[in-house]
Amino acid sequence: MQAAPVRATAIPSLTTALRAVESLLMSGGQRTARRNAWTSVLEDRRRAKDRVEAERVLGQGLIARP
């Protein structure tokens, strides 16, 4: 039995493929705006997660109140 042939070129990742399509469809300013918006969404999600964790800790009385 022979081994499968090895590919000479790597298959691009999904992220790479999406960025290539994005560069074809959007101007530079639109790409920057979309990336900034997505960064904001991720930051909002992180803050919401932190807020829920803080509320959970406060609800358990683990933080001493003066």
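Residues numbered from 1 in each chain as written. Predicted model: local features only at pLDDT ≥ 70, side-chain atom pairs only at ≥ 80, totals over all residues. Heavy atoms only, no water.

Undergrad: Which residues make up the layout of surface pockets, and what are the values?
TA: Size it by volume and the largest pocket reaches roughly 150 Å³. Forming the boundary of the largest pocket are Thr15, Leu18, Arg19, Glu22, Arg34, Arg35 and Trp38. If you list the elements that add at least two residues to the lining of the largest pocket, you get helix H1 (14–25) and helix H2 (28–59). By residue number, the principal contributor to the lining of the largest pocket is H1, which donates four residues. Class assignment of the residues belonging to the lining of the largest pocket gives a composition of two nonpolar, one polar and four charged. (1 Å grid on protein atoms, 1.4 Å probe; cavity = no way out; pocket = protein on both sides within 12 Å on 5 of 7 lines; lining within 4 Å. Points joined across faces, edges and corners; volume = space filled by probe spheres on them. Helix = DSSP H or I, 4+ residues; strand = E, 2+ residues; numbered from the N terminus. Nonpolar A, V, L, I, M, F, W, Y, C, P; charged D, E, K, R; others polar.)

Undergrad: Break down a nonpolar patch on the surface for me, citing the residues and quoting the values.
TA: A surface patch of nonpolar side chains, about 360 Å² in accessible area, is lined by Val21, Leu24 and Leu25. By the secondary structure assignment, Leu25 is in helix H1. (Patch = residues over 30% accessible without salt bridge, like charges linked within 9 Å, V, L, I, M, F, W, Y side chains within 5 Å. Areas by Shrake-Rupley, 256 points an atom, 1.4 Å probe, with all protein chains shown as cover. Salt bridge = Lys/Arg side-chain N within 4 Å of Asp/Glu carboxyl O.)

Undergrad: Hey, could you go over the pattern of salt bridges for me, with residue numbers and the actual values?
TA: A complete count under the given rule lists five salt bridges for this structure. With its nearest N and O atoms 2.5 Å apart, the salt bridge here joins Arg56 to Glu53. With Arg56 and Glu53 both in helix H2, this residue pair falls three residues apart, about one helical turn. Take Glu53: its relative accessible area is 38%, and that puts it in the partly exposed class. Because the salt bridges share partners, they merge into one network encompassing Glu43, Asp44, Arg46, Arg47 and Asp50. (Buried < 20%, exposed > 50% of the residue type's maximum accessible area, 1.4 Å probe, protein only.)

Undergrad: Describe the packing of H1 against H2, listing the residues and the values that go with them.
TA: For any two helices packed against each other, one specifies the inter-axial angle together with the distance between the axes. Direction vectors running N to C along H1 and H2 enclose 130°, while the axes themselves pass 9 Å from each other. Considering their axes alone, H1 and H2 lie oblique with respect to each other. Contacts between H1 and H2 involve Arg19, Glu22, Ser23 and Leu25 from the first element and Gln30, Arg31, Arg34 and Arg35 from the second. Per-class residue counts for the contact of H1 with H2 are one nonpolar, two polar and five charged. (Axes fitted to C-alpha atoms, helices over the stretch in contact; angles between N-to-C directions. Parallel < 35°, antiparallel > 145°, perpendicular 65-115°, else oblique. Contact = heavy atoms within 4.5 Å.)

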